[in-house]
Each structure stands twice: as C-alpha cells, then as structure tokens.
Amino acid sequence: MRKSSETPPDERPTRRGPGRPRRAERNGPSTRELILREATELFAARGPEGTSLRDIAARVGIDVSSLHHHFPAKEALYDACFERVHAVEREALAPLVAGLRDAATTGGEPLAAALRALADGFVDFLEEHPHTTFLWLRRWLDPTRGAGLDEAYALPLYGEVERALLEAAQAGTVRETTPHVTVRSLVWAAHGHVTALAAASPADRERERYEFRLWVRRFLDALYGPGSGAGDGPDVIIHRTLE
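None of these values were measured; they are calculated from a predicted model.

Before going further, it helps to examine empty space enclosed by the protein. What the rule picks out here adds up to two cavities of 30 Å³ or more. Space inside the largest cavity adds up to approximately 270 Å³. Contributing to the lining of the largest cavity are 22 residues, with L118, A119, F122, V161 and L186 lying nearest its centre. Residue assignment for the lining of the largest cavity shows that the elements contributing at least two residues are helix 5 (74–103), helix 6 (108–128), helix 9 (155–171), helix 10 (179–199) and helix 11 (202–224). Of all the elements, helix 10 adds the most residues to the lining of the largest cavity, at six residues. Classifying every residue of the lining of the largest cavity by side-chain character gives 21 nonpolar, one polar and no charged. Estimated volume of the second largest cavity: approximately 40 Å³. As for the second largest cavity, its lining consists of A112, L115, R116, L220, D221, Y224 and G225. For the lining of the second largest cavity, the elements supplying multiple residues, two or more each, are helix 6 and helix 11.

Structure (structure tokens):
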C-alpha cells in the first residue's frame, strides 16, 4: 500500500536529459536570443554604463548566473548585440549593395536606380529596427571607446558602398571625389531621421518620412544625376584608393 505522501509515478515531473532544451526554448526563442533582444533594447536606451547584467537578467526572467552561462561578461554581451544587429542589417542590405556594385560601371539610370534603392532600403531598415540607431548613437557618444565595434560591424558594409562609388568614379560614370564623406553623411542623416521620428507626433511622423525621403532623392540627384558632372571622367579626383 503506497503512502499518501508519495507522488504517483505518472504525476512526477520528467527530468530533462543532458543537453535537452527546455520546453520554452523548443517552442520559441532560445534563452540566448531572449538575452540578446532584451540587452539590445536596454543598451540602446541606457548605454552600457547604465545597464547592468542584473537588469538584463530580470527582463529575461532568469538569474544572473544563467546569463553568465551564455555571456561571461558585459563586454561580451555588448559586442554580441552589435554583431546580431549587424547580421540583420547585412542580410537586408547585401542584395542592394550588390545591385549598386553591378551598376557602378554602367552608370546612367541603372546606377541612379541602384543608389535610390539602396538609400530607400537603408531608411526602411532603420525605421523597422529603430533600436539599431539608438544602440549606435550610444556608442558614438564616446568616440574613442569601442572603435573596434565600428571596424567590425559598421565600416565593412559602408566600405562596400564606398568602393562601389570609387569604381563608378574610376569608370567615369559618376563624378565623386569624397565617397567616404558621402556615405557617412547619408548614414548620419538616416540615423538623425530615426531620432526625429521617435520624438514626433503621429501626424508629424508622416511628414518627416515624406520630407526625408524627398531630401535623399534630391541629395543623390545633386551628386549623381543629370547635370551633376557625371561622365566627366578625366578630371575626377579620388582621395581614397581601392584596396
């Protein structure tokens, strides 16, 4: 006769085997992904100095020791957040960058269309992932700290655009003397656009979206459109060389 205090075998919890994922992980995002999501949001809102691992663990619903199992230090987690954001951005923009590269030496309307598509795609991405802007803005508040993040997760992608513009300049299809400044200006302007959206009322957001995209078109047309000097290849001055 079984004692009343014993739990029937079929009512006892099943032990997890070694390496077996938790039910939540099998049916949804992994714990690591949840940590990265919450950490990205907190780092974007507060910066690394204003965010503790305990804050992140509390948002995920785990203890700090569990968080350490995935990320041994805050610096490693901070870096992983940028890596994750960069991977999503590259996936979204890589086809558009490839299109620009293919049109670089062709010039004319194919190049203009590729430039517009890339600019629109970048703005679309930032509007859909605004935490990307605020994560980077927090990092740029200290220009000398975290330069390695720029080199790993920003400059490679933007450098591809710059090289495409240099190739176009060398082929004489555009007139471009400072592609690095051009790319940087567009990137900063797009991030500024996202900050304006975050502070605007619903009605003002629509106006901001319309006016900013109109400015981007005018900016690109002024640099590379008809009458901008495109095609005057012999006197193109290139200050940065292709590597």
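With 21 residues, helix 6 extends 30 Å between its outermost C-alpha atoms, agreeing within 8% with the 30 Å of an ideal straight helix rising 1.5 Å per residue. Within the sequence span of helix 6, burial applies to L111, A114, L115, L118, A119, D120, G121, F122, V123, F125 and L126. Residues of helix 6 that are buried in the fold lie against helix 5, helix 7 (130–140), helix 9, helix 10 and helix 11.

Okay, the packing of aromatic side chains next. Summed over all chains, the structure comprises eight aromatic pairs. Taken together, F43, Y78, F82, W136, W140 and W188 form an aromatic cluster joined through their ring pairs.

On to the pattern of salt bridges, then. Considering all chains together, one arrives at 16 salt bridges under this definition. Between D55 and R46 there is a salt bridge whose closest N-O contact spans 3.2 Å. In this structure D55 comes out as partly exposed when scored by relative accessible area, which is 28%. Close ionic contact of D120 with R213 constitutes a salt bridge, the shortest N to O distance being 3.8 Å. Linking D120 in helix 6 with R213 in helix 11, this pair joins segments that are 93 residues apart in sequence.

What follows covers the environment of H193. Residue placement: H193 occurs in helix 10. Beyond its immediate sequence surroundings of up to four residues, H193 is in contact with V123, E127, E208, R209 and F212. Among the polar contacts made by the side chain of H193, one reaches the side chain of E127 at a distance of 2.8 Å.

Position of D221 relative to the elements: it lies in helix 11. Among the residues examined, D221 registers a relative accessible area of 40% and is labelled partly exposed. Sequence separation of D221 and A112 is 109 residues, and the distance between their C-alpha atoms is 7.9 Å.

Quick look at the confidence of the model for the protein now. Residues with a pLDDT of 70 or more make up 81% of the protein, whose mean pLDDT is 86. Predicted confidence for residues 1–21 stays below pLDDT 50, and this span has eight contacts to residues more than four positions away or in other chains. Within the model, the stretch residues 231–243 combines pLDDT values under 50 with 28 contacts to residues more than four positions away or in other chains.

Orientation of helix 9 relative to helix 10, taken along the N-to-C sense of each, is 135 degrees, at an axis distance of 9 Å. Compared by their axis directions, helix 9 and helix 10 come out oblique. In this structure, the crossing between helix 9 and helix 10 has a hand that is right-handed. Residues Y158, V161, E162, L165 and L166 of helix 9 touch helix 10, and the partners they reach there are P179, H180, V183 and V187.

Residues F43, I56, L77 and L100 are the most contacted members of the largest nonpolar core, which totals 54 residues. The element contributing the most residues to this core is helix 5, with 10 residues. Not counting residues up to four positions away in its chain, the partners in contact with I56 are I35, A39, L42, F43, T51, L67 and L77.

Here R46 shows up in helix 2 (residues 31–46). Beyond its immediate sequence surroundings of up to four residues, R46 is in contact with T51, D55 and R138. A polar contact is formed between the side chain of R46 and the side chain of D55, at a distance of 3.2 Å.

Criteria and cut-off values
Residues numbered from 1 in each chain as written. Predicted model: local features only at pLDDT ≥ 70, side-chain atom pairs only at ≥ 80, totals over all residues. Heavy atoms only, no water. 1 Å grid on protein atoms, 1.4 Å probe; cavity = no way out; pocket = protein on both sides within 12 Å on 5 of 7 lines; lining within 4 Å. Points joined across faces, edges and corners; volume = space filled by probe spheres on them. Helix = DSSP H or I, 4+ residues; strand = E, 2+ residues; numbered from the N terminus. Nonpolar A, V, L, I, M, F, W, Y, C, P; charged D, E, K, R; others polar. Expected span 1.5 Å × (residues − 1). Buried < 20%, exposed > 50% of the residue type's maximum accessible area, 1.4 Å probe, protein only. Contact = heavy atoms within 4.5 Å. Phe/Tyr/Trp six-rings, centres within 6.5 Å; stacked < 30°, edge-to-face > 60°. Salt bridge = Lys/Arg side-chain N within 4 Å of Asp/Glu carboxyl O. Polar contact = N/O pair within 3.5 Å; in protein donor to acceptor, adjacent residues only side chain to side chain. pLDDT = per-residue confidence, 0-100. Axes fitted to C-alpha atoms, helices over the stretch in contact; angles between N-to-C directions. Parallel < 35°, antiparallel > 145°, perpendicular 65-115°, else oblique. Left-handed = near helix turned anticlockwise from the far one by under 90°. Core = buried A, V, L, I, M, F, W, Y, C linked by side-chain atoms within 4.5 Å.

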